[in-house]
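# Coordinates in review
Read off the chains here:
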Amino acid sequence: MSIPGQLNPPARLLLGPGPSDAHPRVLGAMTTPLLGHLDPFFLELMQETQQLLRDALLTKNPLTFPVSATGMAGMETCVVNLIEPGDKMVICYAGYFSHRMIDVAGRCGAQVTILEQKWGQVFDLNVIRETLKTVRPKALGIVHAETSTGALQPIAELGKLCHEYDCLLIVDAVTSFACTPLKVDEWELDAVFSCSQKGLGCPPGMSPVTFGPRAEAVMSSRKTKVQSWYFDLTMIRTYWTSGDRAYHHTAPISMVYALREGLRIVMEEGLENRWARHLRNHLALKAGLTALGLKYSAQEGHQLPQLNAVYIPEGVDDLTIRKKLLTEFGIEIGGGLGDFKGKVWRIGLMGYNSKPSSVFMVLAALEKSLKEVGVNIIPGSGVAAAELAYSAK
Ligand SMILES: *Cc1c(COP(=O)(O)O)cnc(C)c1O
């Protein structure tokens, strides 16, 4: 048997929907020595990480910690702990990830009402209000930043609306966290989950979650046991949030180091500055993509700075271009998911990768690749438009 060679991954610029490149400081933190998951020094790191998470999520919720798995585990954690068989849940469906929430809720035995909107469009609060009035659900689930379409759902007023109808609000903030404003307490969000590998600039493997007082009250009045052993908060919380620190599962030590470092970087930059940086780079990329003739799939005025989804031009083959970008330039962008498969490209400018060099590189590479398959483009127009956008006030 021959042994595979030493690991030597090719250099890539990860401009897809995630993972995005990890900040070098995060990778550095991950190479520091392991500690035991009950070591007093590690327990302190856990506490610091939780406090950093609260600060970055703008919440005081005691029950705030990272679930030991990717973003989907955060979704399951929120739904399995808040929903019991027979409970009514409304899910706003306008893209691939909201469809997943429907699946997860169904598996928990929820009676799901689907409120549908065209992919790429956002929901009108009045329509949501009408649905809450007629269905009277226990919870409403919505995706804040729909990564499959590039649309940013306005949710600042949604928590108040849900609470008028005694309904919990569960928010998928996997792609919004640390890229665009997310104000858990001010917006009255009851349960929120995210991930480590998008806006936070860490590797995939952790899913920050936070539960507010209303969600805590619902959990403490459950009549049935949580269906999932691994994600049952009644047990996990004794490790993360009580003085007991009872063993539940071995914390992924290096990932906690990574998350702590990623969050330190977020707080050093400052939330407002970070949101503004994502917006500035998005506007430059958008100017460039528009100059190349590409059109956004999400509704104007509701486009995600961190995930630019654009329609693939007529007659251009999706894979041919993505393969060129990857092999000739080392740039990864995303293809479409679900209804948008083969129809859109998704260009991420997330966390560490939201910077002018990413914008200029992807625009130049895209222009060259599109020209090679016969698309008519004025030379340099994409890069020039981005440059102009950066110099505009
Ligand atoms: C990426 C993503 C997820 C899933 O996260 P994983 O880390 O891949 O498990 C869920 N929701 C949205 C909106 C996402 O973009």
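Given the structure is predicted, the values throughout are model-derived calculations rather than measurements. Residue numbers restart at each chain and count upward from 1, following the sequence in its written direction. Selection of residues for local features in this predicted model requires a pLDDT of at least 70, selection of side-chain atom pairs for listing and counting requires 80 or more, and totals for whole chains, interfaces and linings are taken over all residues. Excluded from the side-chain calculations are hydrogens and water; all other atoms, namely the structure's heavy atoms, are used.

### Examining the overall build of the chain
Filter applied, for reference: Helix and strand assignments come from DSSP, with helices taken as H or I runs of at least 4 residues and strands as E runs of at least 2, each series counted from the N terminus. C-alpha atoms define the radius of gyration in this analysis, and the globule rule sets the expected value at 2.2 Å times the number of residues to the power 0.38. Relative accessible area decides the class of each residue, using a 1.4 Å probe on protein chains only: under 20% of the type maximum gives buried, over 50% gives exposed, and in between gives partly exposed. Each accessible area value is a Shrake-Rupley result obtained with a 1.4 Å probe; residue values ignore everything except the protein chains displayed when judging cover. In this tally Asp and Glu are treated as negative and Lys and Arg as positive; neither His nor the chain ends contributes. We put the charge of a Lys on NZ, of an Arg on CZ, of an Asp on CG and of a Glu on CD.
The helix and strand tally for the chain stands at 13 helices and 13 strands. Here the C-alpha atoms of the chain give a radius of gyration of 21 Å, agreeing with the 21 Å that 2.2 N^0.38 yields for 393 residues. In terms of overall dimensions, the chain has C-alpha extents of about 65 × 55 × 50 Å along its principal axes. For the chain, buried positions account for 56% of its 393 residues. Of the accessible surface of the chain, which amounts to about 16,700 Å², a share of 57% is contributed by carbon and sulfur atoms. Charge separation in the chain, taken as the distance between the mean sites of 38 positive and 38 negative side-chain charges, equals 2 Å.

### Digging into the packing of helix α9 (residues 253-269) against helix α10 (residues 271-291)
Condition: Interaxial angle, 0 to 180 degrees, is taken between N-to-C directions of lines fitted to C-alpha atoms, where a helix line uses only the stretch in contact. Any angle between 65 and 115 degrees counts as roughly perpendicular, while under 35 counts as roughly parallel, over 145 as roughly antiparallel, and the rest as oblique. Contacts are assigned to residue pairs with any non-hydrogen atoms lying within 4.5 Å of each other. Polar here means any residue other than Ala, Val, Leu, Ile, Met, Phe, Trp, Tyr, Cys and Pro, which are nonpolar, and Asp, Glu, Lys and Arg, which are charged; Gly is therefore polar.
The N-to-C vectors of α9 and α10 enclose an angle of 90°; their axes lie 6 Å apart at closest approach. Considering their axes alone, α9 and α10 lie roughly perpendicular with respect to each other. Counting all contacts with α9, which are made through I265, V266 and E269, the residues of α10 involved are L271, N273, R274 and R277. The class makeup of the residues in the contact of α9 with α10 is 3 nonpolar, 1 polar and 3 charged.

### Some points on the nonpolar core
Within soluble globular proteins, side chains that are nonpolar generally end up buried alongside one another. Quick note on the threshold: Nonpolar core, defined: a set of buried Ala, Val, Leu, Ile, Met, Phe, Trp, Tyr and Cys residues in which side-chain atoms within 4.5 Å join the residues together. Each domain span listed reflects an automatic or database assignment of domains.
If you look at the biggest cluster of nonpolar residues, it comprises 91 residues, and the most contacted ones within it are M89, I128, L140, I142 and F211. Here the element with the most residues in this core is α9; it accounts for 9 residues. Residue contributions to this core reach at least three from each of two domains, namely domain 1 (24-268) and domain 2 (271-391). Beyond its immediate sequence surroundings of up to four residues, F211 is in contact with N61, L63, T77, C78, L82, D190, A191, E216, M219 and L233. Judged by nonpolar contacts, the second largest core, of 26 residues, contains V310, I347, L349 and L370.

### Quick notes on the pairing of strand β5 (residues 139-143)
This is how the line gets drawn: Paired strands, in this sense, are two strands between which DSSP finds at least two bridges.
Burial runs high along β5: 5 of the 5 residues are buried. Both faces of β5 are covered, namely the face carrying A139, G141 and V143 and the face carrying L140 and I142. As paired strands, strand β3 (residues 88-93) and β5 are joined by 3 bridges and run parallel to one another. Across the sheet, residue V90 finds its bridge partner in β5, namely L140. Relative to strand β8 (residues 168-172), β5 is paired through 5 bridges, and the arrangement is parallel. Residue pairing in the sheet places G141 in a bridge with I170 of β8.

### Some words on the domain arrangement of the chain
For clarity, the threshold we go by: The term buried area refers to how much accessible surface (probe radius 1.4 Å) is lost by two components on association, counted for both of them together.
Considered domain by domain, the chain is made up of domain 1 (24-268) and domain 2 (271-391). Computed over C-alpha atoms only, the centres of domain 1 and domain 2 are separated by 29 Å. Taken together, the contacts link 33 residues of domain 1 with 22 residues of domain 2. The largest share of the area that domain 1 buries against domain 2 comes from W119, G150 and C179, three residues that together contribute 23% of it.

### Remarks on the site of the ligand
Basically, it comes down to this: Proximity is defined per residue: if any heavy atom of the residue lies within 4 Å of a molecule or strand, that residue is considered near it. Polar contacts here mean pairs of N or O atoms no more than 3.5 Å apart (in protein, one a potential hydrogen donor and the other a potential acceptor; neighbouring residues in sequence count only if both atoms are side-chain atoms).
What surrounds the ligand is the set T70, G71, M72, F97, V143, A145, T147, D172, V174, T175, Q197 and K198. At a separation of 2.7 Å, an oxygen atom of the ligand approaches a polar side-chain atom of T70. A distance of 2.7 Å separates an oxygen atom of the ligand from a polar atom in the side chain of Q197. Protein contact buries 89% of the 370 Å² of open area that the ligand shows by itself.

### Side note on the environment of L388
Structurally, L388 can be placed in helix α13 (residues 381-391). It is 8.5 Å that separates the C-alpha atoms of L388 and A287, two residues lying 101 residues apart in sequence.

### A word on the packing of aromatic side chains
Our working rule: Stacked, edge-to-face and tilted are the three classes for Phe, Tyr and Trp ring pairs, Trp counted by its six-membered ring, which pair at centre distances within 6.5 Å; planes under 30 degrees apart are stacked, over 60 edge-to-face, the rest tilted. Distance and angle both matter: a charge sits over a ring if NZ of Lys or CZ of Arg is within 6 Å of the ring centre and within 35 degrees of the ring normal.
Inspection of every chain in the model, using the stated rule, returns 8 aromatic pairs. Between Y96 and F97, the ring centres sit 5.2 Å apart and the planes meet at 85°, which makes this aromatic pair edge-to-face. Feature note: the residues Y93, W119, Y311 and F340 constitute an aromatic cluster, connected by ring pairs. The ring of F97 carries the charged tip of K198 above its face, separated from the ring centre by 5.5 Å. Its end group placed over the ring of Y296, K286 keeps NZ or CZ at 5.4 Å from the ring centre.

### A word on unusual backbone geometry
Cis geometry is found at the peptide bond from G18 to P19, where omega equals 5°. The backbone of L58 shows a phi angle near 55°, a positive value even though the residue is not glycine. Note that L58 resides in the loop between α2 (40-57) and β2 (63-67). Using a relative accessible area of 33% as the deciding quantity, one classes L58 as partly exposed.

### Focus: the state of the cysteines
Here, disulfide denotes a covalent bond that connects the sulfur atoms of two cysteines. The following threshold applies: Throughout, disulfides are identified as pairs of cysteine sulfur atoms within 2.5 Å of each other.
One pass over the structure, following the stated rule, counts 0 disulfides. Unpaired in this structure, C167 has its nearest cysteine sulfur neighbour in C162, at a distance of 4.3 Å. Here C167 falls in the buried class, since its relative accessible area comes to 1%. Unpaired in this structure, C179 has its nearest cysteine sulfur neighbour in C195, at a distance of 8.9 Å. According to the relative accessible area criterion, C179 is buried, its value standing at 0%.

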